[in-house]
Amino acid sequence: MSNRLTLAYEFSDDPKDDFGWLVIAAEGNGFAGTAGYWVQWQDVVEWAAMLDAFPLPSSGIKREWGYTEEGTYYQVIYIGLSQSTPGGCLSVSLDLRDYYDRSLHAEFSFETSYSRLAEFKAEVQRLMAGTSERAMLLGD
């Protein structure tokens, strides 16, 4: 099983609706998980713009989506990127939960590089422009 993070985004049929269904599928170090969540397309575009940073901020780049129900917050998707070695290896941390059944959960990480992150950013931009069906970040 190769290490990778795959994003897909299904835009709403209503052109006035800013929300679409973001799907995250990931595999890392023998673990795999998939999660989906309703996300404003602008959030994905803004997150992708942060992926240009070199080096990454010392706090990394983190993004999560979730919801609050009866006063309790439930995280559905978490993606964290941080520099893991002085030589430039990056760590991709993922925490994915099923939208409907929170007991279904996968948490894992894998390593990647800045060059692969740059390729991923370009793929996310094409995804959000509607010219690609998915974006993939490959691990080393």
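What you see is a predicted model; the values in this text were computed from it and never measured. (Residues numbered from 1 in each chain as written. Predicted model: local features only at pLDDT ≥ 70, side-chain atom pairs only at ≥ 80, totals over all residues. Heavy atoms only, no water.)

Q: Is there a simple way to explain the sheet that holds strand β8 (residues 135-138) in this structure?
A: Strands belonging to one sheet form pairs held by backbone hydrogen bonds; the direction of such a pair is parallel or antiparallel. Strand order in this open sheet of four strands is β3-β2-β1-β8, and the pairing throughout is antiparallel. Each end of this open sheet is capped by a strand with a single partner; those strands are β3 (31-40) and β8. Mean inter-strand twist for the sheet, computed between neighbouring axes without regard to direction, equals 15°. Where strand β1 (residues 4-11) and strand β2 (residues 19-28) come together, eight bridges link them in antiparallel fashion. Along β2, the bridge assignment pairs F11 with G20. Docked against the sheet, helix α1 (residues 41-50) engages β1, β2 and β3, running at close to 120° with respect to β3. Those strands touched by helix α2 (residues 114-129) are β1 and β8, and its axis lies near 170° from that of β8. (Pairing = 2+ DSSP bridges. Helix = DSSP H or I, 4+ residues; strand = E, 2+ residues; numbered from the N terminus. Axes fitted to C-alpha atoms, helices over the stretch in contact; angles between N-to-C directions. Contact = heavy atoms within 4.5 Å.)

Q: What is the right way to look at the packing of aromatic side chains in this model?
A: Within this structure, the stated rule accounts for 10 aromatic pairs. Considering the side-chain rings of Y67 and Y99, the 5.9 Å spacing of their centres and the 55° angle between planes classify their relative orientation as tilted. Residue Y67 is found in strand β4 (residues 61-69), and its partner Y99 is found in the loop between β6 (90-97) and β7 (105-112); the two are separated by 32 residues along the sequence. Looking at Y99, the relative accessible area reads 25%, which means it is partly exposed. Members of the aromatic cluster, each reached through a chain of ring pairs, are W21, Y37, W38, Y67, Y74, Y99 and Y100. The positively charged end of R102 is found above the aromatic ring belonging to Y74, 3.5 Å away from the centroid. (Phe/Tyr/Trp six-rings, centres within 6.5 Å; stacked < 30°, edge-to-face > 60°. Buried < 20%, exposed > 50% of the residue type's maximum accessible area, 1.4 Å probe, protein only. Lys NZ or Arg CZ within 6 Å of the ring centre and 35° of its normal.)

Q: Would you explain α2 in this entry?
A: Turn by turn, an α-helix covers 3.6 residues, leaving residues three or four places apart pointing in a common direction. Compared with an ideal rise of 1.5 Å per residue, which puts 16 residues at 22 Å, α2 spans 23 Å between its outermost C-alpha atoms and is within 8% of the ideal. Within α2, burial applies to Y114, L117, F120, K121, V124, L127 and M128. Down the axis of α2, the smallest arc covering the buried residues is 120°, so these residues share one side. Considering only its buried residues, α2 is in contact with β1, α1, β5 (72-83), β6 and β8. One or two steps after α2, the chain reaches G130, where phi turns positive at roughly 80°. (Expected span 1.5 Å × (residues − 1). Arc of directions from axis to C-beta.)

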